[in-house]
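Residue strings, one per chain:
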Amino acid sequence: MGRGKLRIYLGAAPGVGKTYAMLSEAHRRVERGTDCVVAFVEHHNRPRTEVMLHGLEQLPRRELEYRGSLFTEMDVDAVLGRAPAVALVDELAHTNVPGSRNAKRWQDVEELLAAGIDVVSTVNIQHLESLGDVVESITGVRQRETVPDEVVRRADQIELVDMSPQALRRRMAHGNIYKSDKVDAALSNYFRPGNLTALRELALLWVADRVDEYLTEYRTDHRVSKIWGSRERIVVGLTGGPEGRTLIRRAARLAEKGAGGEVMAVYIARSDGLTSASPKELAVQRTLVEDLGGTFHHVVGDDIPASLLDFARGVNATQIVLGSSRRKTWQYMFGPGVGATVARESGSDLDVHIVTHDEVAKGRGLPVARGARLGRSRIIWGWIVGVGGPVVLALLLNTVDLGLANDMLLFLTVTVAAALLGGLYPALASAAFGSLLLNYYYTPPLHRLTIADPKNIVAIAIFVGVAVSVASVVDLAARRTHQAARLRAESEILSFLAGSVLRGETSLEALLERVRETFGMESVALLERESDVDPWTCAGSVGPRPLVERPEDADVDMPVGDHMALALSGRVLPASDRRVLAAFAAQAAVVLDRQRLQHEADQAKELAEGNRIRTALLAAVSHDLRTPLAGIKAAVSSLRSDDVAWSEEDQAELLEGIEDGADRLDHLVGNLLDMSRLQTGTVTPLIREIDLDEVVPMALGGVPEDSVELEIPESLPMVAVDAGLLERAVANLVENAVKYSPADELVLVSASAMADRVEMRVVDRGPGVPDEAKDRIFAPFQRYGDAPRGTGVGLGLAVARGFAEAMGGTLNAEDTPGGGLTMVLTLRAVDSRPDLTTAAPAPAAERQAS
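Bear in mind that the values here come from a model prediction, so they are computed numbers and not experimental data. (Residues numbered from 1 in each chain as written. Predicted model: local features only at pLDDT ≥ 70, side-chain atom pairs only at ≥ 80, totals over all residues. Heavy atoms only, no water.)

Caption draft 1: Fine view of the overall build of the protein chain. For the protein chain, the helix and strand inventory stands at 24 helices and 24 strands. Considering the protein chain as a whole, with its 850 residues, one finds that 42% of them fall into the buried category. Across the protein chain, contacts joining residues at least 24 apart in sequence account for 70% of those joining residues at least 6 apart. Carbon together with sulfur atoms contributes 54% to the accessible area of the protein chain, which is approximately 44,500 Å² in total. (Helix = DSSP H or I, 4+ residues; strand = E, 2+ residues; numbered from the N terminus. Buried < 20%, exposed > 50% of the residue type's maximum accessible area, 1.4 Å probe, protein only. Contact = heavy atoms within 4.5 Å. Areas by Shrake-Rupley, 256 points an atom, 1.4 Å probe, with all protein chains shown as cover.)

The following block contains the structure:
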């Protein structure tokens, strides 16, 4: 069974009559005997639409309960079981109720089509996914229900249901679309004349583009090469010269005179790359044609008239706009020109407009190679050999008689050598000068510029022809070799750029430095601005005195889009170099965008992390702050109560509870403040030389005296730390170890020297932590295992690691042999950093921990 066919009624807005048109089509098919059923049609309580359902078979809907309410959706299984020839499915972009077979109704339709059932459906233009942003900018309403454009484009038939905004508003005012209590709000908001006109234009243009696609497919399938003037398509032939702007504006005026006119500017470049237009001028012309609503195309072709005509016929163009030739009169001896050739070969289906401009007959260079491609030294040697070589050879041959044939071969050898060294012009000079010397010295009558024997005339003519031909071939080979080397260098540069794009390794400064080195420039700057009237700003630069004001003032400026340009100072680049420069400029824009996106992503990540910490903080302190406060409040209230006579033991117990609660609050608030400073990056350690045995004992004040065993050798080297941060970090580590260690097991705090560092270990005999959780326990607000809520908010280890890293150390977790967890704090020994001993002490206000 083949796939079913899809027919869609497309409208600009609700109420234009899509469902009514669909039901009318269903009645017509039923009258013709077609098996047609209503799979799902929503009449929205519109009387005329509801009447159209009479006489049509309606399949039962599927009922679904969602959040306490009952909804109905199309029963796909019922439709597949009924297997009609045609099924009517309204509102293609509808989102199904959760629990349905598919998330979207267009997915239900795809199942019906796959089963061989033809489907007739409806959709509004605002529900197309690609137009969501456009519709929102017009109406201010974001469409939540959308359908992929490709689903609608694949439809076998699309019929536009059109209605003028005035007629639609009248229908709305008469209550034919919404209920009377919603009419005023709808007319003053979504159904405003401007909104409806814009939506109508979107629908008409979208359908017109789809019709173009149908026409192109038909012409391709039926191999139709003749142009069908269904709409005005104007092709502008550009040469890269300054007259291109005049041609584009002229074509735009021609397009405005016809309905649906379209302008397509095309630049045809030769495949050998020996001649090329100014990239800057082409960029300006591209921007101009796009601003006027047209498109720009870059085509490669050696036969420019044929390539231009092929392009015009390929896009079904009706007119071609060309500029009057810029060639001088004598240059027409090389051919009639592009304009005359295109006009002669266009046939009757293409109109060719030749537009005059200010550059007419001002001259344009012929596509010949410049000698400078071979280098100054080679050109000089080429002229020396081409002019001096025949003279030296003539002097030598005057001493020996080798015959005219051998003399010609020797002169031809000199001509070839001149071509190899200096290119075409020195070779032509050598051929001309050599033929004169042959005539003067070696053809009778001697020492006269006349030739008596006709055979010698033929010989000298052949010599000149062969010399010129060989010189041309040798020069062309030299230029091809130069071109191949240049293209290889360009390919290497482009390969580097492509690799940097894929790897994302190149920074903007590194890329600009690569541009400066590649093209031998003094400075390079990437300039940008917000709009055409805003001043330029420098996004990045390298080199001395980069230009940061206007790209037009630079020696070379390469535009990147509308509001970005690469400005180079040092020398003027030839057109061949600008091709690679354009790739560098585009890559610079990509790198800049990537850096900014990365910066925004980092900021978003920091914000997300801050939000996560704030959320966790609120969740944690809601209980951990409340518990000691509640205990303190209860104890104070009990002590102040006059109803009970407390004994001294009871009063001491209540006061002890108040003290414990205050200590817990002090410890909790201290950790919260420390964590907030770590998150905001305001911890600035005051690094000094200290002994561990001066700080570690002070960190044990928050734990019972008989719960810790201390082993700090006196022979340990001094460490470079902040005493306050180290004390706080060790205190958190010890308190954590005591919390999880059994009551009859002591926590061991030991230290040892290893090479250029000192390791301090806090060892407990508790339950330990599995390997996969060892890094997770250092995250803020993490408590491992079944630790009670009142034991803290899970910041101790996070603060300890943060302080350790702020001092240039590390903190890691290891398994204790025999069971338990060992925290390893690694610090820098002073001997490895002698410069720390002379560090100037910072003001006391800068200390971040006490």
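Still more to cover.
Caption draft 2: Main features of the side chain of S707. With respect to the helices and strands, S707 occurs in the loop between α22 (692–695) and β19 (708–711). For S707, a relative accessible area of 12% puts it in the buried group. Of the polar contacts made by the side chain of S707, one reaches the backbone oxygen of P704; its length is 2.6 Å. If we ignore the near neighbours within four places in the chain, the residues touching S707 are V738, L746 and V747. (Polar contact = N/O pair within 3.5 Å; in protein donor to acceptor, adjacent residues only side chain to side chain.)

Caption draft 3: Layout of the sheet that holds strand β9 (residues 233–238). On the basis of which strands lie adjacent, the open sheet formed by 5 strands has the order β11-β10-β9-β12-β13 and parallel pairing. With partners counted over all chains shown, the strands left at the sheet margins are β11 (295–300) and β13 (351–355), one partner each. The mean inter-strand angle of the sheet, taken between neighbouring strand axes irrespective of direction, is 25 degrees. Across the sheet, helix α12 (residues 304–314) touches β9, β10 (262–269), β11 and β12 (319–323), and the angle it forms with β10 is around 150 degrees. (Pairing = 2+ DSSP bridges. Axes fitted to C-alpha atoms, helices over the stretch in contact; angles between N-to-C directions.)

Caption draft 4: How the structure looks around the environment of L410. Looking at where L410 falls in the secondary structure, it is placed in helix α15 (residues 404–422). Remark: the alpha-carbon pair of L410 and L397, spanning 13 residues in sequence, is separated by 9.6 Å. In this view, L410 contacts L393, L397 and L402; residues no more than four positions away in its chain are not counted.

Caption draft 5: Representation of a nonpolar patch on the surface. A surface patch of nonpolar side chains, amounting to about 390 Å² of accessible area, comprises I380, W381, I384 and L421. Counting residues per element, the nonpolar patch draws most heavily on helix α14 (residues 376–397), at 3 residues. (Patch = residues over 30% accessible without salt bridge, like charges linked within 9 Å, V, L, I, M, F, W, Y side chains within 5 Å. Salt bridge = Lys/Arg side-chain N within 4 Å of Asp/Glu carboxyl O.)

Caption draft 6: Layout of the pattern of salt bridges. This structure, assessed with the given rule, holds 22 salt bridges. For E111, the salt bridge goes to R101, with nearest N and O atoms at 2.9 Å. One end of the pair, E111, is in helix α4 (residues 105–114); the other, R101, is in the loop between β6 (86–89) and α4, and 10 residues separate them in sequence. The class for E111 is partly exposed, based on a relative accessible area of 24%. Through salt bridges with shared partners, a single ionic network connects R7, E25, R28, R29 and E159.

Caption draft 7: Looking closely at a negative patch on the surface. On the surface, a cluster of negative charge is contributed by E648, E649, D650, E653, E656, E659, D660, D663 and D666. Classification of D663 by relative accessible area gives partly exposed; the value is 45%. (Lys, Arg positive; Asp, Glu negative; His and termini not counted. Charge placed at Lys NZ, Arg CZ, Asp CG, Glu CD.)

Caption draft 8: Quick look at the packing of aromatic side chains. Across all of its chains, the model carries 0 aromatic pairs by this definition. Sitting above the plane of the F40 ring, R105 keeps its charged end 3.9 Å from the centroid. (Phe/Tyr/Trp six-rings, centres within 6.5 Å; stacked < 30°, edge-to-face > 60°. Lys NZ or Arg CZ within 6 Å of the ring centre and 35° of its normal.)

Caption draft 9: Expanded view of the packing of α14 against helix α16 (residues 424–442). α16 packs onto α14 with a crossing angle of 20 degrees between their chain directions and a minimal axis gap of 8 Å. The orientation of α14 with respect to α16, classified from their angle, is roughly parallel. The chirality of how α14 crosses α16 is right-handed. Contact residues: G382, W383, G386, V387, P390, V391, L393, A394 and L397 in α14; Y425, P426, A429, S430, F433, G434, L437, Y441 and Y442 in α16. Of the residues that constitute the contact of α14 with α16, the class distribution is 14 nonpolar, 4 polar and no charged. (Parallel < 35°, antiparallel > 145°, perpendicular 65-115°, else oblique. Left-handed = near helix turned anticlockwise from the far one by under 90°. Nonpolar A, V, L, I, M, F, W, Y, C, P; charged D, E, K, R; others polar.)

Caption draft 10: Expanded view of the pairing of β10. The buried fraction of β10 is high, at 7 of 8 residues. Inspection of the sheet shows β9 paired to β10 by 6 bridges, in the parallel sense. Looking across to β10, one finds that G237 is bridged to V266. Judged from the 6 bridges that link them, β10 and β11 form a sheet pairing that is parallel. Each bridged residue has a counterpart across the sheet, and for Y267 the counterpart in β11 is H298.

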